[in-house]
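Chains, contacts and geometry: an overview
Listed below, chain by chain, are the residues.
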Amino acid sequence: MPAIRNVAKVSTDKVFKTLRDNDIKVIDLRFCDLLGQWQHFSVTRNEFDKDAFENGVGFDGSSIRGFQRIHESDMVLVPDPNTYFVEPFTSTPTLSIICNVKDPVTGKPYSRDSRYIAAKAEKYLKSTGIADTCYVGPEAEFFILDSVRFDQSHNFGFYYLDSDEGFWNSGKDGSANGSPNLGHKPRFKEGYFPTSPIDSLQDVRSEMALTMEQIGVRVEIHHHEVATAGQTEIDMHREALLKMADNVMKYKYVTKNVAKKFGKTVTFMPKPIFNDNGSGMHVHMSLWKNNNPLFFGKKYAFVSEIALYFIGGLLKHAPALCAITNPTTNSYKRMVPGFEAPVNLAYSQRNRSAAVRIPMYSSHPKTKRVEFRCPDPSCNPYLAFAALLMAGIDGIKKKIDPGKPLDVDIYDLEPEELKKVPTTPGSLEDALLHLERDHEFLLKGEVFTEDVIRTWIDYKLEKEVKPMQLRPHPYEFALYYDV
């Protein structure tokens, strides 16, 4: 696939006007590593000119996860003028801008730049003639905690997290530190959603939401989630795929830094608290062409035939998709029955235990969408959204039948009936094996490459799966120390 030209909707002149109007002293250049972590470095205003938008700014890519090897380390960042924002967290006036990664020798976009992969997915969608826009609306959940400690070595390993809101602190004696226990803790699995004083995080969430809006992320709603210890959800308004992936990166950045201002800490781990609800990231998707929604129709739950085929693609490739949308070993602590986790590969118009749901809040054609409920917020949003779109396109092109909907309470099914419902992988290693066997649909249009898939699988196995398998687990001492 040829390089994607960045046809700027925002002129570079507007960027430089913003620099002048806000007396910007520092420009912070942002990019995403393969695993989904924002990386950055900064240049002073005196060193930043229009040449940066043409030729980029050089950096060493050999220390970035999933990027270059030491003997081919030089890389270039090219700022995207559509993505700048005035930094809300620095004392020095700073402008942050998201960049694309390029190879300085060939001048081509870097194949392992996940933002480039998301851009290619959008271009591939247009090339199929099916649609010209994929709108995405993720519901990323996270925990706002008061403290966390963790460490790992040869002779010990532990974690300890705490939240003043945690139900386990109902009996805490605060007299020793002068902070009385005032009660009003959310009961176990009852955080959704009483008012204050049980919900103690209204101001924190509001500042998070308003800061996101300040930097250009449109927010629809925020609220406490089901779990104790400050589980939170802030929902963003839908956007086209690439822009929404950018917004998810801003979302994580803002929530973590606002929490720090309040003396708190945020985690997007899918399952940080044992025996309570984990944090998912349900992803709402819809296809549009010429400003017309394509998922509304006269089929089941008022969806179109295209929407059903899209669902068929999601369900068919779900085990492989999980390696990208649920990419941590911790992800599979969440993906177990009994905690609203969508482990069942079926679809339904209202059943939240199904992997794909068709929301029925509104009958308006423009609101018709499908919701893939498996993903969690530990994923790289560029890769995750691109992979989901590619699975949906594969379903449409091959007319994959999603089968009959599952409009029953799965937990009321008889064991023999439940066996007929396929499920998501039980571990990251299992999901990676599925991805190894089933990734041809990702290679269409050169959106993903064999190199990217191989790098992803090898990294996850060597850096995450195997290290977890080698280490004793603290609970093993409770089970086996006296054997």
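Quantities reported herein were computed from a predicted structural model and do not represent experimental measurements.

A count of helical and extended segments in the protein chain gives 13 helices and 18 strands. Taking the principal axes of its C-alpha atoms as reference, the protein chain extends roughly 65 × 60 × 50 Å. The buried share among the 483 residues of the protein chain stands at 52%. Expressed as a percentage of contacts within the protein chain between residues at least 6 apart in sequence, the contacts between residues at least 24 apart total 69%. Summed over its atoms, the accessible surface of the protein chain is roughly 23,100 Å², and 51% of this surface lies on carbon and sulfur atoms. Taking the average place of the 60 positive charges on the side chains of the protein chain and the average place of its 63 negative ones, the gap between the two points comes to 5 Å.

A few words on the pairing of strand β16 (residues 344–348). Counting buried residues in β16 gives five out of five residues, a clear majority hidden from the surface. On β16, burial covers both faces: Asn344, Ala346 and Ser348 on one face and Leu345 and Tyr347 on the other are all buried. Relative to strand β17 (residues 354–357), β16 runs parallel, the two being bridged by three bridges. By the bridge assignment for β17, tyrosine 347 is matched with valine 356.

As a further point, take the state of the cysteines. What the rule picks out here adds up to zero disulfides. We note that cysteine 134 lacks a disulfide partner, and the nearest cysteine sulfur, in cysteine 379, lies 14 Å from it. Distance from the sulfur of cysteine 379, which forms no disulfide, to the nearest cysteine sulfur (cysteine 32) is 10 Å. Looking at cysteine 379, the relative accessible area reads 2%, which means it is buried.

A few words on unusual backbone geometry. In this model, tyrosine 192 is joined to phenylalanine 193 through a cis peptide bond whose omega is -25°. Mapped onto the elements, phenylalanine 193 comes out in the loop between β9 (157–162) and α4 (202–214). With an omega of 10°, the peptide bond between serine 196 and proline 197 qualifies as cis. The topology assignment puts proline 197 in the loop between β9 and α4.

For serine 279, the location among the structural elements is in the loop between β13 (265–267) and β14 (281–289). On the basis of relative accessible area, serine 279 is assigned to the buried category, the value being 0%. At 3.4 Å, the side chain of serine 279 and the side chain of glutamine 231 are in polar contact. Setting aside its immediate chain neighbours within four residues, serine 279 contacts Glu141, Phe142, Phe143, Gln231, Met269, Pro270, Arg334, Asp376 and Pro377.

For the protein chain, per-residue confidence averages 92 on the pLDDT scale, and residues scoring 70 or more make up 95% of the total. Overall, residues 1–8 carries pLDDT values under 50, and its contacts beyond four positions in sequence, including any with other chains, amount to 22 contacts.

Here we take up the packing of helix α3 (residues 114–128) against helix α5 (residues 241–261). Interaxial distance between α3 and α5 falls to 8 Å at its minimum, and their mutual angle equals 155°. Comparing the axis directions of α3 and α5 gives the class roughly antiparallel. Residues Arg115, Ala118, Ala119 and Glu122 of α3 form the contact with α5, whose own contacting residues are Leu241, Leu242 and Asp246. Residues of the contact of α3 with α5, tallied by class, amount to four nonpolar, no polar and three charged.

A cluster of acidic residues, Glu47, Asp49, Asp51 and Glu54, forms a negative patch at the surface. Turning to its location among the elements, glutamate 54 is positioned in helix α2 (residues 51–55).

For the rest of this paragraph, the subject is helix α1 (residues 12–21). Every buried residue of α1 is accounted for by Val15, Phe16, Thr18 and Leu19. Buried residues in α1, looked at end-on, bunch into an arc of 150°, giving them a common side. Facing away from the buried side of α1 by over 90 degrees, the exposed positions are Arg20 and Asp21. Here the buried face of α1 lies against β1 (26–32), α2, β5 (85–86) and β6 (94–102). Looking one or two places after α1, you find aspartate 23, whose phi comes out positive at around 50°.

Interhelical geometry of α5 versus helix α8 (residues 381–398) gives an angle of 150° and a closest axis separation of 9 Å. The angle between the axes of α5 and α8 places the two elements in the roughly antiparallel class. In this structure, α5 meets α8 at a crossing whose hand is right-handed. Residue-level contacts link Leu241, Leu242, Met244, Ala245, Asp246, Val248 and Met249 of α5 to Pro381, Tyr382, Phe385, Ala386 and Leu389 of α8. Counted by class, the contact of α5 with α8 contains eleven nonpolar, no polar and one charged residues.

This part is about the pattern of salt bridges. Per the counting criterion, the structure on display carries 23 salt bridges. Two residues, lysine 50 and aspartate 13, come together in a salt bridge whose shortest N-O distance is 2.4 Å. Of this pair, lysine 50 sits in the loop between β2 (38–44) and α2 while aspartate 13 sits in helix α1, and the two are 37 residues apart along the sequence. Under the relative-accessibility criterion, lysine 50 is labelled partly exposed at 43%. Notably, a salt bridge pairs glutamate 462 with lysine 466, separated by 2.8 Å at the nearest N-O pair. Residue glutamate 462 and its partner lysine 466 are located together in helix α12 (residues 450–470), separated by four residues, close to a single helical turn.

Calculation rules
- Residues numbered from 1 in each chain as written.
- Predicted model: local features only at pLDDT ≥ 70, side-chain atom pairs only at ≥ 80, totals over all residues.
- Heavy atoms only, no water.
- Helix = DSSP H or I, 4+ residues; strand = E, 2+ residues; numbered from the N terminus.
- Buried < 20%, exposed > 50% of the residue type's maximum accessible area, 1.4 Å probe, protein only.
- Contact = heavy atoms within 4.5 Å.
- Areas by Shrake-Rupley, 256 points an atom, 1.4 Å probe, with all protein chains shown as cover.
- Lys, Arg positive; Asp, Glu negative; His and termini not counted.
- Charge placed at Lys NZ, Arg CZ, Asp CG, Glu CD.
- Pairing = 2+ DSSP bridges.
- Disulfide = S-S within 2.5 Å.
- Polar contact = N/O pair within 3.5 Å; in protein donor to acceptor, adjacent residues only side chain to side chain.
- pLDDT = per-residue confidence, 0-100.
- Axes fitted to C-alpha atoms, helices over the stretch in contact; angles between N-to-C directions.
- Parallel < 35°, antiparallel > 145°, perpendicular 65-115°, else oblique.
- Nonpolar A, V, L, I, M, F, W, Y, C, P; charged D, E, K, R; others polar.
- Patch = residues over 30% accessible without salt bridge, like charges linked within 9 Å, V, L, I, M, F, W, Y side chains within 5 Å.
- Salt bridge = Lys/Arg side-chain N within 4 Å of Asp/Glu carboxyl O.
- Arc of directions from axis to C-beta.
- Left-handed = near helix turned anticlockwise from the far one by under 90°.

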